[in-house]
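Listed below, chain by chain, are the residues.
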Amino acid sequence: MTKLEVLRRFYGYDSFRPGQEPIVDALLEGRDVLCVMPTGAGKSVCYQVPALLKPGVALVISPLISLMKDQVGALVQNGIRAAYVNSSLTAAQQSRVFAGLASGAYRILYVAPERLSLESFRQLCAGLQISLIAVDEAHCVSQWGQDFRPSYLQIADFVRSLPVRPPVSAFTATATARVKRDIEELVELRDPIRFTTGFDRPNLFFSVRTPEDKDAELLSLLSHRKEQHGIVYCATRKSVEEVCDFLCEHGFSATAYHAGLPAEERRQNQDDFLYDRKNVMVATNAFGMGIDKSNVSYVIHYQMPKNIENYYQEAGRAGRDGSPAECILLFAKRDVQISRYLILNAEPNEALDEKEQEELRKRDLWRLKQMKEYATSGDCLRGSILRYFGEHAGKECGGCGNCCRGTELYNITLPSQMLLSCVARTGQCLPLAVIRDVLLGVATGELEAQTTFGLLKEDPPATVEEILRFLIGEGYLASSGEEEILALTERSAEILRQRKPIAMLRHNTQKKRAAGTAEQDAPDEGLLRALKETRSRIASKRRVPPYLVFTDATLADLCRKKPRTAEELLTVSGVGLVKLEQYGSAFLQTIAAYESGTSDGERPWTAMEDTQLLDAFYEERTVLQMARMLARSTSEITKRLREKHLI
Ligand code: ADP
Ligand code: ZN
């Protein structure tokens, strides 16, 4: 098999992403590799593809014990023989994995770094053919990185203990020059090929907001994104709990994650989010390392992180499957003061001397300053990030809040005057929904006599509501209580009396996104819903999160291509041979049923079913066996065989 065949067969992807192929090649040639790639760029494929092409088993060293199970689960879903060992396994489970290793049952083994120092594990490895070693989250080896793990210092010694040295590769998403040097030295990479791949993620739309009231802003943002899944990052545990409670009180399906929650609850909440049972995850930065939930459509930062590395890593959890997604930072000056305080009062790092600590503090303050500049500058946001990571960037990207400001502004001066005047005339005692309905001309009773009645009836209801929420967010209106009773504010006069022009940045800026974004044509909603149902059904039957069956990007591609045969299905991004076999017929049936509008009546025969029927016929199976296999009645089977002139 070639590397491209492996990519197609096991992952269902047509081509390598930028940067992946040279790394695969280097590892196939037996070279050491240092790879710096942003979160979501696709690092795993870089070592997994060579692992499947080279004889023996690949060792992946990863600090994310709690997530190894999911990572291995995803591989197994793709038909790749993989396993993991860490302290969460029982002794019996461990011996099973070790026996499997000895008999060559696995192509990829995930291990926690602590295990590398165990003599028994070293002995076992000495007897194995190891195809390559991949060190994931390699910055953990450096005290200058963000998540120093002393156990990572064992890696070099472990590699030296092997009778034959396999190629060693190190992967990380964030690395300054200093950390890169540490990785090379401390993992003892030998003459590595170094790759730093483009940090740009064209499908992410960046924006910064500086609202007076972050809670109101958050509500307004989320009310436009009710159907989507997203993460809200907060700086502290307390703030996680407050924001999560607040969102739940307002009827959002939110859950929380931070290191202070009991392990069981944390796991449960994480699963609720991963399995799409909850839409919003409110979390500290403890959540997300190694999480590959692909349908995260937005990441909102409720407080500003203390540096751009952290911000980009967390924001980068949006849009992992290449679909358009948003990264929104809610900024307040106070955020800077708090971070400054935390840096100046941080626990001293015992391993560093006084001078080094001082240097570290200075570096942290410098990073904070860069982050603040990002949050407050009017320049292209994507450009600021890319330049921070040492990349070249144009003046405007056309895909961030700052680049779109001014061009995509929506003049709402007139509607704002009408809405405020309606609030004033009706006595400032009506809920938002009623004010909206008066302007839309759908309110009833004495409200019909209002002078503002029906003035905005040409506009879609969602737009009128969006304008109202925008006015609240900007302080031109006040909203109180659950019913959102609207009242005027001090600032209302600017609109009502001073007739100030008001403009709103519309959220439908998708068209303006930078090149390379996945296609934007609206998918067929009905079909998408049907496909999602099929996906949930399969996911709950197999007890895996829905995105492990197919990602949202794959469902969107299915909607676009509407495949009818297995061959056509294979051209859909994210469908490889293994998934084709496992889920192909279910999804083809869903599409066929939808296309012929017979989802409730008799199911039409899909090409896939016909092939299976023919095979079964030539294998001399009985009609009853065929009926069971295809989940159809025996009479349907007989009828179909007759139609095909087989009986
Ligand atoms: P990283 O480890 O760099 O954060 P992952 O390896 O988890 O990123 O990959 C991120 C997402 O991109 C995953 O959903 C993965 O399946 C997808 N992906 C990786 N390579 C490709 C590719 N060549 N084509 C399409 N999607 C890809
Ligand atoms: Zn821009």
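Every residue gets a number counted from 1 within its own chain, in the order that chain's sequence is written. Each chain gets a letter, beginning with A, and each ligand a number, beginning with 1, in the order they are written. The predicted nature of this model means local features are confined to residues of pLDDT at least 70 and side-chain atom pairs, given and counted, to a pLDDT of 80 or more, with totals for whole chains, interfaces and linings taken over all residues. Computation of side-chain values: all heavy atoms of the structure, hydrogens and water removed.

### Let's talk about the coordination of the zinc ion (ligand 2)
Put simply, a metal with four donors set out as a tetrahedron has ideal angles of 109.5 degrees, and one with six donors set out as an octahedron has ideal angles of 90 or 180 degrees. This is how the line gets drawn: With water omitted from the atoms examined, metal sites may look incomplete; donors here are N, O and S atoms no farther than 2.8 Å from the metal, or 3.2 Å in the case of Na, K and Ca. Every geometry call rests on angle ranges, with four donors termed tetrahedral when all angles are between 85 and 135 degrees, four termed square planar and six termed octahedral when opposite donors are over 155 degrees apart and all others are between 65 and 115, and everything else termed irregular. Buried means the residue's accessible area, taken with a 1.4 Å probe over protein chains only, is under 20% of the maximum for its type, while exposed means over 50%, and partly exposed covers the values in between.
Taken together, C380 (SG), C397 (SG), C400 (SG) and C403 (SG) make up the full set of protein donors to the zinc ion (ligand 2), lying 2.3 to 2.4 Å away. One can describe the site at the zinc ion (ligand 2) as tetrahedral: its four donor atoms subtend angles covering 100 to 119 degrees at the metal. Each donor residue of the zinc ion (ligand 2) lies on one chain, and together they are spaced C-x16-C-x2-C-x2-C. As far as the burial class goes, C397 and C400 line up, both buried.

### So, the sheet that holds strand β1 (residues 33-36)
Counted only if it meets this: Strands were regarded as paired on the criterion that DSSP finds at least two bridges between them. In this description a helix means any DSSP run of H or I spanning at least four residues, a strand means any run of E spanning at least two, and both kinds are numbered starting from the N terminus. For helices, the fitted axis covers only the stretch in contact; all axes are lines through C-alpha atoms, and the angles between them, taken along N-to-C directions, range from 0 to 180 degrees.
Strand order in the open sheet formed by seven strands is β3-β4-β2-β5-β6-β1-β7, with parallel pairing between adjacent strands. At either end of the open sheet lies a strand with only one pairing partner, and these are β3 (82-85) and β7 (193-196). For this sheet, the mean inter-axis angle between neighbouring strands, taken without regard to orientation, is 15 degrees. Across five bridges, strand β2 (residues 57-61) lies against strand β5 (residues 130-135) in parallel orientation. Among the inter-strand pairings, L59 is bridged to a residue of β5, identified as I133.

### A few points about the sheet that holds strand β8 (residues 204-209)
What counts here: We call two residues in contact whenever any of their non-hydrogen atoms come within 4.5 Å of each other.
Reading across the sheet, the six strands line up as β8-β13-β12-β9-β11-β10 and stay open at both edges, with parallel pairing between neighbours. Here the strands that pair on one side only, and so sit at the sheet edges, are β8 and β10 (254-257). Along the sheet, successive strands turn relative to each other by an average axial angle of 20 degrees, direction set aside. The strands touched by helix α11 (residues 263-274) within the sheet are β9 (229-233), β10, β11 (280-283) and β12 (296-301), with β10 carrying the most contacts at an inclination of about 135 degrees.

### Overview of the site of ligand 1
Where we set the bar: Throughout, the term near means that a residue has one or more heavy atoms lying within 4 Å of the molecule or strand in question. Between N or O atoms, a polar contact is any pair within 3.5 Å; within protein, one atom must be a potential hydrogen donor and the other a potential acceptor, and residues adjacent in sequence are included only when both atoms are from side chains. We get accessible surface area from the Shrake-Rupley algorithm with a probe of 1.4 Å; when it comes to residues, only the shown protein chains can shield them.
Around ligand 1 there are 15 residues in total, and Y13, S15, G40, K43 and S44 lie nearest to it. At 3.1 Å, a side-chain N or O of R17 approaches an oxygen atom of ligand 1. Backbone polar atom of K43 to an oxygen atom of ligand 1: 2.9 Å apart, as the coordinates give it. Alone, ligand 1 offers 570 Å² of accessible surface; in the complex the protein occludes 85% of this. Per-element tally for the shell around ligand 1: the top contributor is helix α3 (residues 43-53), with three residues.

### Comments concerning the nonpolar core
Note the cut-off: Nine residue types can take part in a nonpolar core, namely buried Ala, Val, Leu, Ile, Met, Phe, Trp, Tyr and Cys, and a core is a set of them joined through side-chain atoms within 4.5 Å.
Residues L109 and I133 are the most contacted members of the largest nonpolar core, which totals 71 residues. Top contributing element to this core by residue count: α3, with six residues. Dropping the residues within four chain positions of it, L109 is found in contact with V57, A58, L59, V60, A83, Y84, V85, V97, L101 and F121. Core analysis: the second largest hydrophobic core is formed by 69 residues, F199, C380, F550 and A586 among them.

### Overview of the pattern of salt bridges
Rule in force here: Salt bridges are counted wherever a side-chain nitrogen of Lys or Arg sits within 4 Å of a carboxyl oxygen of Asp or Glu.
If you walk through the whole model with that rule in mind, you get 33 salt bridges. A salt bridge links D70 to R267; the nearest nitrogen and oxygen atoms lie 3.8 Å apart. Here the residue D70 occupies a position in helix α4 (residues 65-77), and R267 occupies one in helix α11, the gap between them amounting to 197 residues. Residue D70 is classed as partly exposed on the basis of its relative accessible area, which comes to 26%.

### Points about the environment of A607
Looking at the element boundaries, A607 is found in helix α26 (residues 607-618). Once the C-alpha coordinates of A607 and A592 are considered, the two residues, 15 residues apart in sequence, prove to be 9.6 Å apart. When residues no more than four places from it in sequence are discounted, the contact partners of A607 are R564 and T565.

### Quick word on the side chain of Q303
Looking at the secondary structure, you find Q303 in the loop between β12 and α12 (308-315). A distance of 3.4 Å separates a polar atom in the side chain of Q303 from a polar atom in the side chain of S239.

### Thoughts on the confidence of the model for the protein
To keep things clear, this is the line we draw: pLDDT is a residue-level measure of predictor confidence that goes from 0 to 100.
Mean pLDDT over the protein: 86, with 94% of residues reaching 70 or higher. Under a pLDDT of 50 for its full length, residues 508-520 has, in the predicted model, 27 contacts with residues more than four places off or in other chains.

### Thoughts on the packing of aromatic side chains
This is how the line gets drawn: Whether two aromatic rings pair depends on their centres lying within 6.5 Å, for rings of Phe, Tyr and Trp, where Trp uses its six-membered ring; planes under 30 degrees apart make the pair stacked, over 60 edge-to-face, and the rest tilted.
Enumeration according to the criterion identifies eleven aromatic pairs in this entry. When the ring of F273 is compared with that of F287, the centres are 6.0 Å apart and the planes differ by 75 degrees; the resulting orientation is edge-to-face. Of this pair, F273 sits in helix α11 while F287 sits in the loop between β11 and β12, placing them 14 residues apart in sequence. According to the relative accessible area criterion, F287 is buried, its value standing at 1%.

### With respect to the environment of E595
Relative to the elements of secondary structure, E595 occurs in helix α25 (residues 577-595). Put simply, E595 and W605 are ten residues apart on the chain and 12 Å apart in space, counted from C-alpha to C-alpha.

### Here's the deal with the packing of helix α14 (residues 354-376) against helix α15 (residues 381-388)
When two helices pack together, their arrangement is captured by the angle between the axes and the distance separating the axes. Defined as follows: By definition in this entry, angles of less than 35 degrees are roughly parallel, angles greater than 145 are roughly antiparallel, angles of 65 to 115 are roughly perpendicular, and the rest are oblique. Each crossing gets its handedness from the near helix: less than a right angle anticlockwise from the far helix is left-handed, clockwise is right-handed. In this classification, Asp, Glu, Lys and Arg are treated as charged, Ala, Val, Leu, Ile, Met, Phe, Trp, Tyr, Cys and Pro as nonpolar, and every other residue, Gly included, as polar.
Between α14 and α15, whose axes approach to 10 Å, the crossing angle comes to 160 degrees. As the angle between them shows, α14 and α15 are arranged roughly antiparallel. The element α14 and its partner α15 pack so that their crossing is right-handed. Residues W366, R367, Q370 and Y374 of α14 form the contact with α15, whose participating residues are L381, S384, I385 and Y388. Of the residues that constitute the contact of α14 with α15, the class distribution is five nonpolar, two polar and one charged.

### Topic: the pairing of β1
In the case of a regular strand, side chains alternate between the two sheet surfaces. Residues V33 and C35 of β1 are buried on one face, and the alternating residues L34 and V36, pointing to the opposite face, are buried as well. One ladder, built from four bridges, connects β1 with β7; its direction is parallel. In the sheet register, L34 faces β7, and the bridge partner there is R194. Direction of pairing for β1 relative to strand β6 (residues 168-172): parallel, over a ladder of four bridges. Among the inter-strand pairings, V36 is bridged to a residue of β6, identified as T172.

### Description of unusual backbone geometry
It is generally the case that most residues other than glycine have a negative phi and that most peptide bonds are trans. Phi is positive for E137, which is not a glycine, with a value near 50 degrees. Structurally, E137 can be placed in the loop between β5 and α7 (154-161).

### Points about the packing of helix α17 (residues 413-425) against helix α19 (residues 461-473)
Two numbers describe how α17 lies on α19: the axes approach to 10 Å, and their chain directions differ by 75 degrees. Viewed along their axes, α17 and α19 adopt a mutual orientation that is roughly perpendicular. Contacts between α17 and α19 involve P415, S416, L419 and L420 on the former and, on the latter, V464, I467, L468 and L471. Broken down by class, the residue content of the contact of α17 with α19 amounts to seven nonpolar, one polar and no charged.

### What to know about a negative patch on the surface
Convention followed: By definition, no residue in a patch forms a salt bridge, and every one has over 30% relative accessible area; like charges are joined within 9 Å, nonpolar side chains (Val, Leu, Ile, Met, Phe, Trp, Tyr) within 5 Å. Counted as positive: Lys and Arg. Counted as negative: Asp and Glu, with His and the chain ends omitted from the count. Think of each charge as sitting on NZ of Lys, CZ of Arg, CG of Asp or CD of Glu.
Judged by side-chain charge, E241, D245, E249, E265, E482 and E483 come together as a negatively charged surface patch. The topology assignment puts E483 in the loop between β15 (477-480) and β16 (485-488). Assessed through its relative accessible area of 55%, E483 is described here as exposed.

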